[in-house]
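# Examination of the molecular architecture
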Amino acid sequence: MINTTIFVAFIFGVIAGWYASFNIVILCLLSFICLLFLSFSSRLYRRPYLFVAFLTVFFALLGILWVTPYSLKKPQDFVGKDNFFLIKVTSIPKEGYLKRTFYAQVERVGGFSTSFRVKVNSFSHRKIDYRTSYLVRGRLSAKQFKHNSFYILWLKKDSYIKELPSNWIDNFIRKVTFALVFHFKKYLSPEAYKFSSSVFLGRRELAEWWMSSLLRKAAVAHLFAISGLHVGLISGMLFFTLKIFRIRFRARLIIAVIFMFIFALCAGMRPSIVRASIMFSFLGAGFFLKRKISVFDSLSIAGIVCLLLNPLWVLDVGFQLSFLSVFSIIVGFNLFSVSLGSRSFLINYVKGIFFSTVFVFIAIFPLVSLYFGRVYLLGIAANIILIPIFTFILILIFIFVGLYFVPFLATYAAEVLSLSVSLFLRFAFLMGKIRFAYFTFSMKGVSVFLYYTLLLLGAVLVHRYKFNNDLSV
């Protein structure tokens, strides 16, 4: 559990650093150096508890220092002012009558490092390419919904736009993405093309607005987020395919890990897919080295790596929901000893979906209520019905992509895939029409804090009760 402890400490450090003043950061820097020395000293003197305590504080201070370059100026400080922005385009631009819209990651504003996502409205005739960096001059505006801030960057017709050189990785990802998008568009129905591009490639900008609304009302909006379900299924399909060619297990494992990181890059490197890919890599490393690696450890290490890549992800709703969902599933199955040892695959599958949905609902409904002002009651039934269909669709997409160089077979696979997507969306539409599928409810920050405090206390009490029962037996 030491990795979980330092992950939580790192999170608190990042949050504290985001709101800390510069003087406190200097003090933390000095403390950081001292604790670095003390941590190794305590290890040498074989004092494990003291070592863990120092290590916890060490990572908390590391979190403060790591986020400092981003905390000197916050996104709201640039709102309403003309500035130079260094942006990287993260979505395929949409061409409109008067403007071009796309999403981008802001990496610098003026002379300050930052990292936040913006929707760009460009009235310039200058062509914008996906996965390309630009230095632009524009004006930032903000919209507030519940506890979320959304930023929009406006570029005028005569705005300064300078394209920066792209590296080979971005060029490779751009070519692969456009090749697959064209493949989807060529063979699939318009509905299936947009849906498949969104759920497999993470290209949500290609999906119709009603698709995300429909899944949200059916309480399965999480299926639009590429995460562990996609990684587990795609890696499993890849393992099976490579096994047909009699490739050894360790070679298959290496190929799968490399493929998953390429897939994560193509899918946009969002927190959920990065978390799932890192967890898969660490669990795969355990198999490769023939060592057992705790799921808690792999989740915690994935969290630390994510925050090292981008410390501001800790403030991202997707990051919070992704890690909290996985953590609740791991804790829930262990705490209540849920067994999936039935001989029937169908029973195990339904049981797994049922308990996973229950644990996730208990864990995340305060955050969903806080950020979105709704609580979805239909989640358990919707997941049991729609996840098997969605899983089948992902398998079909994987097969369809694998038939990229076999047009004759790709045509038949496209017909089945288009029909499956149509049926899935119809089922989701019917689920969303059920009365009381969700209700409007918004929790306050204090209520959310009290809820999680009581939930943590309850989990500790259940663990102690279970531990005492095991001792008595």
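All values reported here derive from a predicted model rather than from experimental measurement.

A separate point is the overall build of the protein. Across its full length, the protein holds 15 helices and nine strands. Against the globule reference of 23 Å for 473 residues, the protein gives a C-alpha radius of gyration of 24 Å, in line with a compact fold. C-alpha atoms of the protein, sized along the principal axes, occupy 65 × 65 × 50 Å. Counting all 473 residues of the protein, 46% fall into the buried class. For the protein, the exposed area adds up to about 25,700 Å²; of that, 69% sits on carbon and sulfur atoms.

What follows is about the confidence of the model for the protein. Summary statistics for the protein give a mean pLDDT of 84 and a share of 91% for residues scoring 70 or more. The least confident element of the protein, judged by mean pLDDT, is helix α2 (residues 22–44) at 64; the most confident is strand β1 (residues 82–89) at 93.

Let us look at the pairing of β1. Most of β1 sits inside the fold, with six of its eight residues counted as buried. When β1 meets strand β3 (residues 100–109), the two strands line up antiparallel, connected through five bridges. Paired with Ile87 across the bridge in β3 is Val106.

What follows deals with helix α11 (residues 317–335). The end-to-end C-alpha distance of α11 is 26 Å, a good match for the 27 Å that 19 residues give at a rise of 1.5 Å each. Following α11 by one or two positions, Ser337 has its phi on the positive side, about 50°.

Let's shift gears to the environment of Ala276. Relative to the helices and strands, Ala276 is located in helix α9 (residues 271–289). Taking the C-alpha atoms as reference points, Ala276 and Ala302, 26 residues apart in sequence, are found 7.9 Å from one another. Ignoring anything within four residues of it in the chain, the contact list for Ala276 reads Ser227, Gly228 and Val231.

Moving on: the state of the cysteines. Working definition of a disulfide: a covalent bond connecting the sulfur atoms of two cysteines. Evaluated as defined, the whole model comprises zero disulfides. Cysteine Cys266 is unpaired, with the sulfur of Cys306 as its nearest cysteine sulfur at 18 Å. Residue Cys266 is classed as buried on the basis of its relative accessible area, which comes to 6%. Look at Cys306 and you get buried, because its relative accessible area is 0%.

What follows covers a nonpolar patch on the surface. Taken together, Trp168, Ile169, Phe172, Ile254, Ile258 and Ile262 make up a surface patch of nonpolar side chains, about 590 Å² in accessible area. For the nonpolar patch, the elements supplying multiple residues, two or more each, are α4 (168–187) and α8 (249–266). Following the sequence through the fold, Phe172 ends up in helix α4.

For the rest of this paragraph, the subject is the packing of aromatic side chains. In total, this model carries 27 aromatic pairs according to the counting rule given. A centroid spacing of 6.1 Å and a plane angle of 80° characterise the contact between Tyr130 and Phe178, whose relative ring orientation is edge-to-face. Note that Tyr130 is positioned in the loop between β4 (112–122) and β5 (133–145) and Phe178 in helix α4, a separation of 48 residues in sequence. Of the residues examined, Phe178 reaches a relative accessible area of 35% and is grouped as partly exposed.

Moving on, we come to a positive patch on the surface. Side chains of Lys94, Lys99, Lys119 and Lys143 sit close together on the surface and give a patch of like positive charge. For Lys119, the location among the structural elements is in strand β4.

Close approach of charged atoms allows side chains of opposite charge to pair. If you walk through the whole model with that rule in mind, you get eight salt bridges. Where Arg139 meets Asp82, a salt bridge forms, and the shortest distance between an N and an O atom there is 3.2 Å. Remark: Asp82 occurs in strand β1 and Arg139 occurs in strand β5; sequence separation between them is 57 residues. What makes Arg139 partly exposed here is its relative accessible area of 41%. When the shortest N-O distance is used, the salt bridge between Lys194 and Glu208 registers 2.3 Å. Of this pair, Lys194 sits in helix α5 (residues 190–201) while Glu208 sits in the loop between α5 and α6 (209–217); the two residues are 14 residues apart in sequence, bridging distant segments of the chain. Residue Lys194 is classed as partly exposed on the basis of its relative accessible area of 21%. For Glu208, a relative accessible area of 28% puts it in the partly exposed group. Overlapping salt bridges, with partners in common, bring together Lys88, Arg131 and Asp170 in one network.

Conventions used here
Residues numbered from 1 in each chain as written. Predicted model: local features only at pLDDT ≥ 70, side-chain atom pairs only at ≥ 80, totals over all residues. Heavy atoms only, no water. Helix = DSSP H or I, 4+ residues; strand = E, 2+ residues; numbered from the N terminus. Rg over C-alpha atoms; globule rule 2.2 N^0.38 Å. Buried < 20%, exposed > 50% of the residue type's maximum accessible area, 1.4 Å probe, protein only. Areas by Shrake-Rupley, 256 points an atom, 1.4 Å probe, with all protein chains shown as cover. pLDDT = per-residue confidence, 0-100. Pairing = 2+ DSSP bridges. Expected span 1.5 Å × (residues − 1). Contact = heavy atoms within 4.5 Å. Disulfide = S-S within 2.5 Å. Patch = residues over 30% accessible without salt bridge, like charges linked within 9 Å, V, L, I, M, F, W, Y side chains within 5 Å. Salt bridge = Lys/Arg side-chain N within 4 Å of Asp/Glu carboxyl O. Phe/Tyr/Trp six-rings, centres within 6.5 Å; stacked < 30°, edge-to-face > 60°. Lys, Arg positive; Asp, Glu negative; His and termini not counted. Charge placed at Lys NZ, Arg CZ, Asp CG, Glu CD.

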